[in-house]
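A closer look at the structure
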Amino acid sequence: MRTTMMALLACAAATAFTAGTAATAQAADVEAAAVCAAVADENRAVWAQPGTSGGSVGFVIAGRTYDADCALASGQSYTACGDTTSQWAYVNYAGDEWGYVPSACVTWAS
């Protein structure tokens, strides 16, 4: 019983370490991602996920330039700003706050 308990504790510790290391690596990947400039074509909601099911978390203002991940994210298909696609732009809409806007609704400045 004691050996089994020790093995379970060691396994749990290894799992926690691996999860923590993976989360740190993922955060480093996000920080290392190339940042581009995206200009909002119109006032739009910003979404928590690349789709509308996660709820809106803020908004972008038409004509304003935002830092954005240069890579687009695939998500829920939508029709907006004269286009139908499933590509979303991940933008910094307020300080350290990031979220998704329809990629058809931004113009890439860089």
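Description of the structure in this document. All figures in this text were calculated on a predicted structure; none of them were measured in a lab.

So, the side chain of Thr85
You can see Thr85 is positioned in strand 6 (residues 83-94). Of note is the side chain of Thr85, whose polar atom sits 3.3 Å from the backbone nitrogen of Gln87. Excluding its chain neighbours within four sequence positions, the residues that come into contact with Thr85 are Gln76, Ser77, Tyr78 and Ser103.

A short note on the nonpolar core
Ala38, Ala40, Val46, Val60, Tyr66, Ala68, Ala89, Val91, Tyr93, Val101 and Val106 form the largest nonpolar core, which has 11 residues in total. Of all the secondary structure elements, the ones that give two or more residues to this core are strand 1 (35-40), strand 4 (65-69) and strand 6. Examining the composition of this core, we find that three residues originate from one element, strand 6, more than from any other. Formed by eight residues, the second largest nonpolar core is a distinct cluster that contains Trp47, Ala80, Tyr100 and Cys105.

Some remarks on the state of the cysteines
Applying the stated criterion to the full structure yields two disulfides. Paired through a disulfide, Cys36 and Cys70 show a sulfur-sulfur distance of 1.8 Å. An S-S torsion of about 105° defines the bridge between Cys36 and Cys70 as right-handed. Note that Cys36 is positioned in strand 1 and Cys70 in the loop between strand 4 and strand 5 (73-80), a separation of 34 residues in sequence. The partner cysteine of Cys81 in its disulfide is Cys105, sulfur to sulfur 2.0 Å. Between Cys81 and Cys105 the disulfide shows an S-S torsion of about 105°. By sign, it is right-handed. Within this pair, whereas Cys81 is found in the loop between strand 5 and strand 6, its partner Cys105 is found in the loop between strand 7 (97-102) and strand 8 (106-108), the two being separated by 24 residues in sequence. Relative accessible area serves as the criterion here: at 29%, Cys81 is assigned to the partly exposed category.

A word on the side chain of Ser103
With respect to the secondary-structure elements, Ser103 resides in the loop between strand 7 and strand 8. Given the relative accessible area of 12%, Ser103 is considered buried. Sequence-distant contacts of Ser103, that is, excluding residues within four places in its chain, are made with Leu72, Tyr78, Thr85, Gln87, Trp88 and Ala89.

Brief notes about the environment of Thr107
Relative to the helices and strands, Thr107 is located in strand 8. Its relative accessible area of 41% is what places Thr107 among the partly exposed residues. A C-alpha to C-alpha distance of 5.1 Å links Thr107 and Val39, two positions 68 residues apart in sequence. Residue contacts for Thr107: discarding those within four places in its chain leaves Ala37, Ala38, Val39 and Asp41. Reaching out from Thr107, the side chain makes a polar contact with the side chain of Asp41 at a distance of 2.6 Å.

What counts, and at which threshold
- Residues numbered from 1 in each chain as written.
- Predicted model: local features only at pLDDT ≥ 70, side-chain atom pairs only at ≥ 80, totals over all residues.
- Heavy atoms only, no water.
- Helix = DSSP H or I, 4+ residues; strand = E, 2+ residues; numbered from the N terminus.
- Polar contact = N/O pair within 3.5 Å; in protein donor to acceptor, adjacent residues only side chain to side chain.
- Contact = heavy atoms within 4.5 Å.
- Core = buried A, V, L, I, M, F, W, Y, C linked by side-chain atoms within 4.5 Å.
- Buried < 20%, exposed > 50% of the residue type's maximum accessible area, 1.4 Å probe, protein only.
- Disulfide = S-S within 2.5 Å.

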